Amino acid sequence: MSTFADMNLQPSLAQRLIQAGLTTPTPVQMAAIPVALEGRDIMAQAKTGSGKTLAFLLPIIEQVMRREALSTAPGPYAKSGGPSHSAGPKFLVLAPTRELALQIEMELRKYAPASVTSLSVYGGTPIERQYRALQRPPLVVVGTPGRLLDLAGSGHLKLGGVTFLVMDEADQMLDRGFLRDIQRIIRLLPAERQTLLFSATFSGDIQTLAQSMQRDPARIAVDPGINSPTTIVHAYYVVQSDQVRTQLVHTLLHALKGGERSMVFCDQKYKVRRLAAHLGGEPASIGSLTGNHSQAQRERTLGAFRAGKIRSLVATDVAARGLDIQDVVQVIHYELPTNPNSYVHRTGRTGRAEKEGSTFLILSQSEEREYLRMVRQLKIETTKLALPVLAALPTPAPMPASDYQDPRARPRRSSEPGGRRSFGGENRGSAHRPGAPVGATRHSRY
Ligand code: ADP
Ligand code: MG
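Residues numbered from 1 in each chain as written. Chains lettered and ligands numbered in written order. Predicted model: local features only at pLDDT ≥ 70, side-chain atom pairs only at ≥ 80, totals over all residues. Heavy atoms only, no water.

With that settled, the discussion passes to the environment of isoleucine 42. Residue placement: isoleucine 42 occurs in strand 1 (residues 42-45). For the pair isoleucine 42 and alanine 32, spaced 10 residues apart in the sequence, the C-alpha separation amounts to 7.4 Å. Ignoring any residue separated from it by four or fewer positions in sequence, one finds isoleucine 42 in contact with Ala32, Val35, Ala36, Thr195, Leu196, Leu197, Gln214, Pro217, Ala218 and Ile220. (Helix = DSSP H or I, 4+ residues; strand = E, 2+ residues; numbered from the N terminus. Contact = heavy atoms within 4.5 Å.)

Here you go:
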């Protein structure tokens, strides 16, 4: 089986894929799609940028289209009526960040016919609009856990009809920050369902945890042991001061050719703000993205970055997972990432779909040994580079006062117990959710 046409997909779906320029399924698609269509649970690990999204979206689209093709009697899949008003979605996709939930739904819309109705739901947007959209439940809901629970708790979203659950970036979803929410969601779903987990990284704990949510899953591991696409070149610099760190980022950003884009990751929001302000001599070309920005700002910035209006995006790990942005040719890590998975996912914003990319780490002398240990663990090769001639920094843009937070007021470090947080995808404001303890709102470093 080497083409989408060989996969026995509905002819119009295969046609759409070909029209979009996709002819050959990627290895994870080849492995997962037939198994998902047989009705089995799946736990799939495949490197960043290898097409995991369509590996779970195509089975959803195909299932709906097959049932439509069969259905003559009125029912939830009947062409005329669409899903009945009392019903909820049949397909639920969970994602760790708002941007990723939106991106997945956009990807679905690219390939699904109008009859595969869908909605993305996430925090930071007016919930009333989602209440209205759910009055006529879509077949597919893509969302972040907190907002899904809010909607389920208020009775606007009925999850009792979900027969197909996907967790994208599953290891992060089952990580401490989300686990309780996920468990609450699972309790609202029928036991009789298919559950698919996808990620580029899985830790040992997650495997055990996943077993409680899945039934005899097919385990798919594409390129096991290789955590990063082979089209990515890894390199690092050792610097003596933050001043040089910032100048080096500036120099690397300026080395790009027209149309090429960069992402720069920092481990804390205040560093993103500070760095963006230092680089901000040309504000039109640099944007920043953290969980502190309003959702409208986040979407504007990411939209401008996708459209090429902003060439460089400085971000926290809120942008590290799943985002698929064309022409990101370099990923810069402003300091050593807090763990290997973070390095893998940030880096994976480049080198997608077999394209070439580079990743640069900027380290202090004391971080070098730890980094080299990480490199050995990840089985990647890296090169230490000599500092280039550094370009002078522009005059710093003033830091918006409302944006600034004293770093000393952010006590949590990920090295502390409980420090690993939920990537800012899900600040739910102060709305109290039925059943949740008051004050349960999470705060994120990202
Ligand atoms: P992952 O979730 O594994 O990180 P994505 O699903 O975001 O990767 O896909 C990465 C890129 O590859 C996207 O731009 C997507 O359009 C593209 N892509 C997906 N499937 C194929 C395919 N079969 N052939 C070519 N490109 C593909
Ligand atoms: Mg993905």
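Glancing now at helix 2 (residues 27-37). What helix 2 keeps buried is the set Val28, Gln29, Ala32, Ile33, Val35, Ala36 and Leu37. Of the residues flanking the end of helix 2, it is glycine 39, one or two places downstream, whose phi is positive at about 95°. (Buried < 20%, exposed > 50% of the residue type's maximum accessible area, 1.4 Å probe, protein only.)

Before going further, it helps to examine the pairing of strand 8 (residues 232-239). A large share of strand 8 lies buried, amounting to seven of its eight residues. Pairing analysis gives eight bridges linking strand 8 to strand 13 (residues 357-364), with the strands arranged parallel. Each residue of the ladder has a partner; that of tyrosine 237, found in strand 13, is isoleucine 362. (Pairing = 2+ DSSP bridges.)

The next point concerns the sheet that holds strand 11 (residues 312-315). Reading across the sheet, the seven strands line up as 10-11-9-12-13-8-14 and stay open at both edges, with parallel pairing between neighbours. Every interior strand has two partners, whereas the edge strands, strand 10 (286-289) and strand 14 (382-384), have only one. On average, each strand axis in the sheet is inclined to that of its neighbour by 20°, with strand direction left out of account. Bridge count for strand 12 (residues 328-333) against strand 13 is four bridges, and the pairing is parallel. Across the sheet, isoleucine 332 pairs through a bridge with phenylalanine 360, a residue of strand 13. (Axes fitted to C-alpha atoms, helices over the stretch in contact; angles between N-to-C directions.)

Without other data, these values stay purely geometric and don't point to any function.
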